[in-house]
Amino acid sequence: MRRFYKILSLIISLIVAYFLLRQVSVEDIQVVLANIKLEFLFAATFLYIGMNFGRVCRFYFLLQKKIDFPKLFNIGFAHALISSIMPARTGELSYIYYIRKSGKVELGNNIASLFVSRVFDALVVIILMLLSLMFISQDVSNIQQVIVLSLIGLVLVLVLFIAIVIWQSKIIWLLGFIFSLLRLNNISWGNKILGKFQEAIISVGQVRQPRLFLQTAGFTALIWLLNSSQFLAIALGFGLEMNFWQAVFIGGLPALAGIVPFYTVGNVGLYEGSIVLGLALLGFNKEIAIGFSFILHATQILITLIPGAISYVILSKK
């Protein structure tokens, strides 16, 4: 079944990429490449390092400082690289693997830290996109639909998060009841799984602590502001003129596209499609937008490649 899912992900990736590439010519890509400004691309690389610093700080506090910061820094780079190339978000498992390998964090806390970070990512991205619409509303076509969809997404994520944080005791009871009903609690592996679920839910609930909540929210905001700045730097580096708030709006779409349950290899196709959608909503030329989306994706993977590969090698030796 897992093999079938991977093959399906690859097929979806190729189909989406094919239909996008059919609408762009070599000349369109050459136009984008002809306007390269290396100083902006160097800036994008340093901004990426800043983003990873923000991610590591967030995990450092969510994991209650149980892992040394330098090691966590390497885990952050390796995790980002693996996530950028693996299908169906399986790259996320690399974070769980490396944290588990340290032997300092229980599996439930490990999974909870990743879950909380992704919930905060979704919340901050949607909030920043809604904020950006205040500055670029005159540029966005179908703005009412965009606002409605963003608000729906914000409400859904908030409901999920609040349900787990506030009603964690009821959710733990419900899980115990289900396992008991299915008699899984009479099996050793069933008890272990139930215990890890309960551990993860309790760990998620710890984010109710004001200090931890503010640390997580603050670093998440920093991460996505740097992400938008990196997007802007790459766009300007390839001669695509836009302002910061346009970059915030467009740069948030790939993150939201990654939530949908149609996963592709390295997010190829979905990533490009979301970028093209954002550029089209802001009135950019469709052909140029498609060419830029592929170049942008390739550039971001290349930026993660060197620090990610170095960190991967370092972690492999330990």
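Everything here concerns the structure above.
Note that the structure is a prediction, hence the values are computed from the model and not measured. (Residues numbered from 1 in each chain as written. Predicted model: local features only at pLDDT ≥ 70, side-chain atom pairs only at ≥ 80, totals over all residues. Heavy atoms only, no water.)

Asker: Honestly, the overall build of the protein chain in this entry has me stumped. Any pointers?
Answerer: Secondary structure assignment for the protein chain yields 13 helices and zero strands. Each of the 318 residues in the protein chain was classed as buried or not, and the buried ones make up 47%. Put simply, of all contacts in the protein chain between residues at least 6 apart along the chain, 74% involve residues at least 24 apart. Counting only carbon and sulfur atoms, one obtains 71% of the accessible surface of the protein chain, whose full area is about 16,400 Å². (Helix = DSSP H or I, 4+ residues; strand = E, 2+ residues; numbered from the N terminus. Buried < 20%, exposed > 50% of the residue type's maximum accessible area, 1.4 Å probe, protein only. Contact = heavy atoms within 4.5 Å. Areas by Shrake-Rupley, 256 points an atom, 1.4 Å probe, with all protein chains shown as cover.)

Asker: What is the right way to read the pattern of salt bridges from this model?
Answerer: Side chains that differ in charge, positive against negative, can pair when their charged atoms come close. Inspection of every chain in the model, using the stated rule, returns three salt bridges. Three or more residues are tied together by salt bridges with common partners; here these are Arg58, Glu92, Arg118 and Asp121. (Salt bridge = Lys/Arg side-chain N within 4 Å of Asp/Glu carboxyl O.)

Asker: Honestly, empty space enclosed by the protein in this entry has me stumped. Any pointers?
Answerer: Gaps left between atoms show up when a probe the size of a water molecule is rolled over them. For the coordinates displayed, the defined rule picks out two cavities of 30 Å³ or more. Reported here for the second largest cavity is a volume of approximately 40 Å³. Along the walls of the second largest cavity sit Val125, Leu128, Met129, Trp224, Ser228, Val248, Gly251 and Gly252, which together make up its complete lining. Within the residue set of the lining of the second largest cavity, elements represented by two or more residues are helix H6 (107-136), helix H10 (210-237) and helix H11 (244-257). In terms of residue class, the lining of the second largest cavity is built from five nonpolar, three polar and no charged. (1 Å grid on protein atoms, 1.4 Å probe; cavity = no way out; pocket = protein on both sides within 12 Å on 5 of 7 lines; lining within 4 Å. Points joined across faces, edges and corners; volume = space filled by probe spheres on them. Nonpolar A, V, L, I, M, F, W, Y, C, P; charged D, E, K, R; others polar.)

Asker: What is the right way to look at helix H4 (residues 69-85) in this model?
Answerer: The periodicity of an α-helix, 3.6 residues per turn, causes residues three or four positions apart to be oriented the same way. Taking 1.5 Å of rise per residue, the 17 residues of H4 would be expected to cover 24 Å, and the 25 Å separating its terminal C-alpha atoms lies within 8% of that figure. Residues Leu72, Asn74, Ile75, Gly76, Phe77, Ala78, His79, Ala80, Leu81, Ile82 and Ser84 constitute the buried set of H4. Where H4 is buried, its residues contact helix H3 (38-62), helix H5 (92-102), H6 and helix H13 (286-316). (Expected span 1.5 Å × (residues − 1).)

Asker: Where do I start with unusual backbone geometry in this structure?
Answerer: One can expect most non-glycine residues to show negative phi and most peptide bonds to be in trans. A positive phi is found at glutamine 64, a non-glycine position, where the angle reads about 60°. Note that glutamine 64 resides in the loop between H3 and H4. Judged by relative accessible area, which is 41%, glutamine 64 ranks as partly exposed. Unlike most non-glycine residues, lysine 65 shows phi in positive territory, near 60°. Looking at the element boundaries, lysine 65 is found in the loop between H3 and H4.

Asker: It is not clear to me how the packing of H3 against H6 should be interpreted in this structure. Could you clarify?
Answerer: Packed helix pairs are characterised by how far apart their axes lie and by the angle those axes make with each other. Between H3 and H6, whose axes approach to 10 Å, the crossing angle comes to 130°. With respect to H6, the element H3 is oriented oblique. Pair H3 / H6 crosses with right-handed handedness. In contact with Arg58, Phe59 and Leu62 of H3, H6 contributes Ser113, Leu114, Val116, Ser117, Arg118 and Asp121. Residues that form the contact of H3 with H6 fall into these classes: four nonpolar, two polar and three charged. (Axes fitted to C-alpha atoms, helices over the stretch in contact; angles between N-to-C directions. Parallel < 35°, antiparallel > 145°, perpendicular 65-115°, else oblique. Left-handed = near helix turned anticlockwise from the far one by under 90°.)

Asker: Sorry, what's going on with the nonpolar core here?
Answerer: If you look at soluble globular proteins, the nonpolar side chains tend to sit buried side by side. In this structure, Met242, Phe249, Leu279 and Phe292 are the most contacted members of the largest nonpolar core, which totals 39 residues. Elements with a minimum of two residues in this core: H3, H4, H6, H10, H11, helix H12 (270-281) and H13. Ranked by residue count, the leading element in this core is H10, at eight residues. The next biggest cluster of nonpolar side chains, apart from the first, holds 15 residues, and it includes Ala78, Ile82, Tyr95 and Val105. (Core = buried A, V, L, I, M, F, W, Y, C linked by side-chain atoms within 4.5 Å.)

Asker: Just to check I follow, could you spell out the packing of H6 against H11 for this structure?
Answerer: At a closest axis distance of 8 Å, the pairing of H6 and H11 adopts a crossing angle of 150°. For the element pair H6 / H11, the angle class is roughly antiparallel. Every pair of crossing elements has a handedness; the one defined by H6 and H11 is left-handed. Facing H6, whose interface residues are Val125, Ile126, Leu128, Met129, Leu131, Ser132, Leu133, Phe135 and Ile136, H11 presents Trp245, Gln246, Val248, Phe249, Gly252, Leu253, Ala255 and Leu256. Classifying every residue of the contact of H6 with H11 by side-chain character gives 14 nonpolar, three polar and no charged.

Asker: Can you help me understand the side chain of arginine 58 in this one?
Answerer: Inspection of the secondary structure puts arginine 58 in helix H3. Residues in contact with arginine 58, not counting those within four places in the same chain, are Ser117, Arg118, Asp121, Thr216, Phe219, Thr220 and Ile223.

Asker: I would appreciate a short explanation of the packing of aromatic side chains in the present structure.
Answerer: Centre-to-centre distance and the angle between the planes together describe a pair of aromatic rings. Per the counting criterion, the structure on display carries 13 aromatic pairs. Between tyrosine 60 and phenylalanine 61 the ring centres are 5.6 Å apart and the planes differ by 70°, which places this aromatic pair in the edge-to-face class. Note on phenylalanine 73 and phenylalanine 77: the rings are 5.0 Å apart at their centroids and 90° apart in plane angle, and the pair reads as edge-to-face. A residue pair is termed a helical-turn pair when its members lie 3 or 4 positions apart in one helix, as phenylalanine 73 and phenylalanine 77 do in helix H4 at four residues. The class for phenylalanine 77 is buried, based on a relative accessible area of 6%. (Phe/Tyr/Trp six-rings, centres within 6.5 Å; stacked < 30°, edge-to-face > 60°.)

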